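So you can see what is in the structure, the chains are spelled out below.
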Amino acid sequence: MAQSANMPINAARRGLFKRLLHPGRTASLGPCRPPGARAEADFIDLCSRCEACLRACPSQIIVRGDGGFPELNFSAAGCTGCGDCISACQPQALQPGASAWPMGQVSVSGDCLANQGVTCQACKDACDLQAIQFPITLTTPQPVVNPDVCVACGECVSVCPVNSLFINPLETSAAGSNR
C-alpha cells in the first residue's frame, strides 16, 4: 500500500512536534493499537477501517487514528480486555486467540506533579494490579512502574491530572503476539 510507505515519515514528523510541545516526554513508538493487533505492517494491510472495533468497544477507547486506522485513546478510560473488538474484527487485523496483554509500557513524563514537589498518587490509586508504586523517600515520592506487572491498560493515563502518563506500544512479532 502506498499509504503505509508514507506512515513512518509522517509518524516521525508528528513525534518531532510532540517532543517540541512536550519536552519532558519520551518519543512514542507509534499508535497503540487495539488488543490482539497483528504486527504493524500486517495490521495496516488487513485492516479495512470498517470501524467495527470502535463500535464494539464498551469503554469507547478505540478511536479513528491516522489514515482512519483504529488506535487506543486512554484520555477518558482504560481497556478492560473484554475482547469485543477482536470478536468484531472481520478482516482479522485483530487476531483472535492472540495475547492482548501487555499492550505496551507506561512511561511517566517530566510533567508529573511529583517532579514539581506535589504529592499526587492518582495513577497508583487507579491501578488495580498495583503496578505503580511510590517508594517512601525524604522528598516527594516519584512513581515507579513495574513492567513485569503493568499490562498498559491505560487506567492510570485516564486519571492523571496533568497528562504525564502515556503508553508506548510494544513491538509485535510477525505472528501477531506481543513482545
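Not measured: the values here are computed from a predicted model.

(A) Main features of the overall build of the protein chain. In terms of helices and strands, the protein chain carries six helices and six strands. Ordered by position in the sequence, the α and β elements of the protein chain form the string α-α-α-β-β-α-β-α-β-β-α-β. Every one of the 179 residues in the protein chain was classed for burial, and the buried ones make up 40%. The contacts of the protein chain with a sequence gap of at least 6 include a subset with a gap of at least 24, amounting to 67%. Of the accessible surface of the protein chain, which amounts to about 9700 Å², a share of 54% is contributed by carbon and sulfur atoms.

(B) Molecular detail of unusual backbone geometry. Positive phi, normally seen in glycine, also occurs at Q92, with a value near 60 degrees. Position of Q92 among the secondary structure elements: in the loop between α4 (84-88) and β3 (104-108). What makes Q92 partly exposed here is its relative accessible area of 38%. Non-glycine residue Q130 carries a positive phi angle of around 55 degrees.

(C) Highlighting the pattern of salt bridges. Evaluated as defined, the whole model comprises two salt bridges. With its nearest N and O atoms 2.6 Å apart, the salt bridge here joins E40 to R33. The partly exposed category is assigned to E40, whose relative accessible area is 33%. Exposure remark for R33: the relative accessible area of 7% places this residue in the buried category. For R64, the salt bridge is made with E51, and the minimal N-O distance between the two is 2.9 Å.

(D) Summary view of the confidence of the model for the protein chain. Per-residue confidence for the protein chain averages 82 on the pLDDT scale, and 77% of its residues sit at or above 70. A low-confidence stretch, residues 1-28 stays under pLDDT 50, and its non-local contacts, those more than four residues away or across chains, total 26 contacts. Note on residues 172-179: pLDDT is under 50 here. Beyond four places in sequence and across chains, it has 25 contacts.

(E) Here's a closer look at the environment of F69. Note that F69 resides in the loop between β1 (62-64) and β2 (70-72). F69 sits 18 residues away from E51 along the chain, and the two C-alpha atoms are 8.4 Å apart.

(F) Main features of the state of the cysteines. Scanning the entire structure with this criterion turns up zero disulfides. Distance from the sulfur of C32, which forms no disulfide, to the nearest cysteine sulfur (C79) is 8.8 Å. The thiol sulfur of C156 is not disulfide-bonded, and the nearest other cysteine sulfur, from C150, lies at 6.2 Å. Under the relative-accessibility criterion, C156 is labelled buried at 7%.

What counts and how
Residues numbered from 1 in each chain as written. Predicted model: local features only at pLDDT ≥ 70, side-chain atom pairs only at ≥ 80, totals over all residues. Heavy atoms only, no water. Helix = DSSP H or I, 4+ residues; strand = E, 2+ residues; numbered from the N terminus. Buried < 20%, exposed > 50% of the residue type's maximum accessible area, 1.4 Å probe, protein only. Contact = heavy atoms within 4.5 Å. Areas by Shrake-Rupley, 256 points an atom, 1.4 Å probe, with all protein chains shown as cover. Salt bridge = Lys/Arg side-chain N within 4 Å of Asp/Glu carboxyl O. pLDDT = per-residue confidence, 0-100. Disulfide = S-S within 2.5 Å.

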